[in-house]
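In case you want the letters, here they are:
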Amino acid sequence: MRKLFYVSTAAFWVAVAGFWIGDLLSPATEPTATAAERSIGAAELAGHAKPDDCWMAIHGSVYDLTAYLPDHPSRPSIIEPWCGKEATEAYDTKTKGRKHSPEADALLPKYRIGRFVGGS
Ligand code: HEM
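Figured I'd write up the structure that's included with this text. (Residues numbered from 1 in each chain as written. Predicted model: local features only at pLDDT ≥ 70, side-chain atom pairs only at ≥ 80, totals over all residues. Heavy atoms only, no water.)

1. Points about the nonpolar core
Here comes step 1: By size, the foremost hydrophobic cluster in this structure holds 15 residues, and its most contacted members are M56, I58, Y63 and L65.
Here comes step 2: Listed by contribution, the elements that provide at least two residues to this core are strand 3 (53-58) and helix 5 (88-93).
Here comes step 3: If one sorts the elements of this core by residue count, strand 3 sits on top with 3 residues.
Here comes step 4: In this structure L65 touches C54, M56 and Y111, once residues within four positions along its chain are discounted.
Here comes step 5: Ranked by size, the runner-up nonpolar core spans 6 residues in total, among them L45, W55, V62 and F116. (Core = buried A, V, L, I, M, F, W, Y, C linked by side-chain atoms within 4.5 Å. Buried < 20%, exposed > 50% of the residue type's maximum accessible area, 1.4 Å probe, protein only. Helix = DSSP H or I, 4+ residues; strand = E, 2+ residues; numbered from the N terminus. Contact = heavy atoms within 4.5 Å.)

See below:
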């Protein structure tokens, strides 16, 4: 009888320690990037239509290109009119039927600020 008492007491504390350690090891619940993604409509986009505050919607994403504009290789007058606008076609053609390079595509994620939910 005494043996049964010792064994069950030990089993109880092993179980308590197991739950405690399991809780410590489980990952903390943090909001995911997807949950935190901003949805941006055409009206909000249009509020950022200046070279010193320039957002564009390209292929369903919104980019804040303010910091990039001074580095863009074209004349400013070619890219700046697209600030605040849905600019997929301009991006895909450079306004003269030529695609941007893969290097240009690779720059985009750095400036992404959300998902475009407005019409084009
Ligand atoms: C949406 C409006 C845009 C227009 C109208 C536009 C237009 C142009 C033009 C005319 C050139 C120079 C001539 C040429 O290479 O053919 C150029 C080059 C370039 N643009 Fe844009 N651009 C736009 C947006 C962007 C964005 C958002 C990025 C990247 C964040 C970008 C990155 C580049 C790069 C890296 C080049 C050098 C050539 C290449 O890699 O294709 N552009 N763009």
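2. What to know about the packing of aromatic side chains
Here comes step 1: A complete count under the given rule lists 1 aromatic pair for this structure.
Here comes step 2: Ring geometry for Y68 versus Y111: centroids 5.7 Å apart, planes at 50°, classification tilted. Of this pair, Y68 sits in the loop between strand 4 (61-64) and helix 4 (76-79) while Y111 sits in the loop between helix 6 (102-107) and strand 6 (112-116), placing them 43 residues apart in sequence.
Here comes step 3: Residue classification places Y68 among the buried positions, given a relative accessible area of 16%. (Phe/Tyr/Trp six-rings, centres within 6.5 Å; stacked < 30°, edge-to-face > 60°.)

3. Description of the state of the cysteines
Here comes step 1: In the structure shown here, the tally under the stated rule is 1 disulfide.
Here comes step 2: With a sulfur-sulfur separation of 2.1 Å, C54 is cross-linked through a disulfide to C83. Between C54 and C83, the S-S dihedral sits near -90°, and the bridge is therefore left-handed. Taken together, the residues C54 in strand 3 and C83 in the loop between helix 4 and strand 5 (85-86) connect sequence positions 29 residues apart. (Disulfide = S-S within 2.5 Å.)

4. Describing the environment of C54
Here comes step 1: Residue class for C54 comes out buried when judged on its relative accessible area of 0%.
Here comes step 2: For the pair C54 and P81, spaced 27 residues apart in sequence, the C-alpha separation works out to 9.7 Å.
Here comes step 3: Among all residues touching C54, those that are not within four sequence positions of it are H48, Y63, D64, L65, T66, L69 and C83.

5. Observations concerning the site of the ligand
Here comes step 1: Near the ligand lie 21 residues; those nearest to it are H72, K94, R98, H100 and S101.
Here comes step 2: Side-chain polar atom of H72 to a nitrogen atom of the ligand: 2.8 Å apart, as the coordinates give it.
Here comes step 3: Between an oxygen atom of the ligand and a side-chain N or O atom of K94, the distance comes to 2.9 Å.
Here comes step 4: When each cavity is represented as a set of grid points, the ligand is found to reside in the largest pocket.
Here comes step 5: Listed by contribution, the elements that provide at least two residues to the shell around the ligand are strand 3, helix 4, helix 5 and helix 6.
Here comes step 6: Within the shell around the ligand, the residues separate by chemical class into 13 nonpolar, 5 polar and 3 charged. (Near = heavy atom within 4 Å. Polar contact = N/O pair within 3.5 Å; in protein donor to acceptor, adjacent residues only side chain to side chain. 1 Å grid on protein atoms, 1.4 Å probe; cavity = no way out; pocket = protein on both sides within 12 Å on 5 of 7 lines; lining within 4 Å. Sits in = over half its atoms within 2 Å of the grid points. Nonpolar A, V, L, I, M, F, W, Y, C, P; charged D, E, K, R; others polar.)

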